[in-house]
Amino acid sequence: MKNINGKKLKIGIVGTGGIGRGLAKLIARREDMVISKILTRREGVISDLGVSQEFSTTSPEEVLDSSDLIVVSTGDPIYSTEIIDKAFVYGLPVVTMDADTQVLTGSWLSKRGVITEANGDQPGCLAALNKEVIQMGFKPLVYGNIKGFLNKKPSLEDMLFWAQKQGYSLSSVTSFTDGTKLQIEQAFIANGLGLDIVKTGLVGYETSDFESGAFALGEIAQKQNAVISDYIISKESPPGVFITATHQEDLAEELTTYKMGKGPFYLLYKPMHLCFFEIPNSILNLVNNNEILLDNGDVPSVSVGTIAKKNLTSGSFIDKGIGGMEVRGEAIKITDCTNHVPIGLMNKVQLKRNIEEGEIITFDDINIPDSLALEAWKSTLSDVAVKNRLSIKVSC
């Protein structure tokens, strides 16, 4: 990491989606940071950039040459992997708000340079909440996400409507709705904090009572003798993240005094995640304290496999996995099916056979273009195989 000697940090931003644009507007008003360049793949004027067009560039080298640190949030793990790897060649640290990339290639990338997820999205918020909970003596059982609505097979018409109404991209709205984003986030927190999952696709406990749902997952974790990553579905609950934990029995009375309930389960909750608003603090914690808030771990145990949303025909092409209409993602233990195709790699692939709705897609089923992300995944699989004494290919 460069020694900035008290000078303003020069921050390069990769991505001009909502996160990148919002962060640019924030940094433009700070006294301790400046925007160096903003890397985009959009051509021409970006009308909604929010800062001077002079910051925008399509040249990765221009960004990397002029930055002390880069922040990556693109929603495209294949592209992000290439840019982060280049940043490490330049000796730059990287802050991400990009669980998609972290869960696919983050373990490989963390061996090549300094990388951390930022606070602000659900995984970073859970990692930050975890630090507080542990320091207070709680023993976590469940690291949870709250989902108000889930439709695993949304229609294109509905997704186009909500994308326009909410101001998000079609792929973002689709990945929120079909649960892919949630599955990626919970796989990421599982790897980063060394957690388990109960089953493929997670439990997803449905409840109208947030606390009782969190405690029900706590009971499941206890029966499994594990600390788990999972989620609840509750229309009535506010958004946010939570940890279900226990504490010492001789402190139960004091916890009751502080309105935490009678135990044995306690609910620790963060009611908001403010995304790009929280990134600057993560940048400073990395630069000043070398804090790695969250990464994907040295050898991950959980991935997000590709599940067919409908019957798919041999020879057809799938342009986009995350947020596409043909497939969705489900968290899966890697050792249960090392030959699965991670949803983050399911871009511009051709099917070699007919796939039935609900099937998990494997590398035997597709023709896939070469990419650095694919090579990184193969390397990670080798690490998994060595750790677990497995052959690389395991039937699903």
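Residues numbered from 1 in each chain as written. Predicted model: local features only at pLDDT ≥ 70, side-chain atom pairs only at ≥ 80, totals over all residues. Heavy atoms only, no water.

Engineer: So what about the pairing of strand β1 (residues 9-14)? Which residues, and what values?
Structural biologist: With 5 of 6 residues buried, β1 is to be regarded as a mostly interior element. Examined bridge by bridge, β1 and strand β2 (residues 33-39) share 5 bridges and lie parallel to one another. Each bridged residue has a counterpart across the sheet, and for Ile-13 the counterpart in β2 is Ile-38. Taken together, β1, helix α1 (residues 18-27) and β2 form a β-α-β motif whose crossover is right-handed. Of the pairings in the sheet, the one linking β1 to strand β4 (residues 69-72) comprises 4 bridges and is parallel in character. (Buried < 20%, exposed > 50% of the residue type's maximum accessible area, 1.4 Å probe, protein only. Helix = DSSP H or I, 4+ residues; strand = E, 2+ residues; numbered from the N terminus. Pairing = 2+ DSSP bridges. Right-handed = clockwise from strand over helix to strand, strands pointing away.)

Engineer: For helix α11 (residues 279-289), give the residues involved together with the corresponding values.
Structural biologist: Residues of α11 that are buried include every one of Ile-279, Pro-280, Ser-282, Ile-283, Asn-285, Leu-286 and Val-287, and no others. Taken together, the buried residues of α11 touch β1, α1, β2, β4, β5 (94-96) and β6 (115-117). Asn-290 lies just past α11 and shows a positive phi near 55°. (Contact = heavy atoms within 4.5 Å.)

Engineer: Residues and numbers for the sheet that holds strand β15 (residues 349-351), please.
Structural biologist: If you walk across this open sheet you meet the 3 strands as β13-β15-β16, and the pairing is antiparallel. Of all strands in the sheet, those with a lone pairing partner are β13 (317-318) and β16 (366-367), marking the two edges. In this sheet, β16 lies alongside β15 in antiparallel orientation, the contact comprising 2 bridges. If you follow Gln-350 over to β16, its bridge partner there is Asn-367.

Engineer: Explain the packing of aromatic side chains to me, using residue names and the numbers behind them.
Structural biologist: On inspection of all chains with the given rule, the structure shows 7 aromatic pairs. Between Phe-138 and Tyr-266 the ring centres are 6.0 Å apart and the planes differ by 65°, which places this aromatic pair in the edge-to-face class. A residue pair is termed long-range when its members are at least 10 positions apart, and Phe-138 in the loop between α5 (122-135) and β7 (139-147) and Tyr-266 in strand β11 (residues 266-270) qualify at 128 residues. By relative accessible area, Phe-138 is classed as buried at 6%. Arranged with centres 5.1 Å apart and planes meeting at 80°, the rings of Phe-161 and Trp-162 form a pair that is edge-to-face. Residue classification places Phe-161 among the partly exposed positions, given a relative accessible area of 48%. In this structure Trp-162 comes out as partly exposed when scored by relative accessible area, which is 36%. Three or more aromatic residues joined by ring pairs make a cluster, and in this case those are Phe-210, Phe-242 and Tyr-269. Note that Arg-41 overlies the ring of Tyr-79, its terminal NZ or CZ placed 3.7 Å from the centroid. (Phe/Tyr/Trp six-rings, centres within 6.5 Å; stacked < 30°, edge-to-face > 60°. Lys NZ or Arg CZ within 6 Å of the ring centre and 35° of its normal.)

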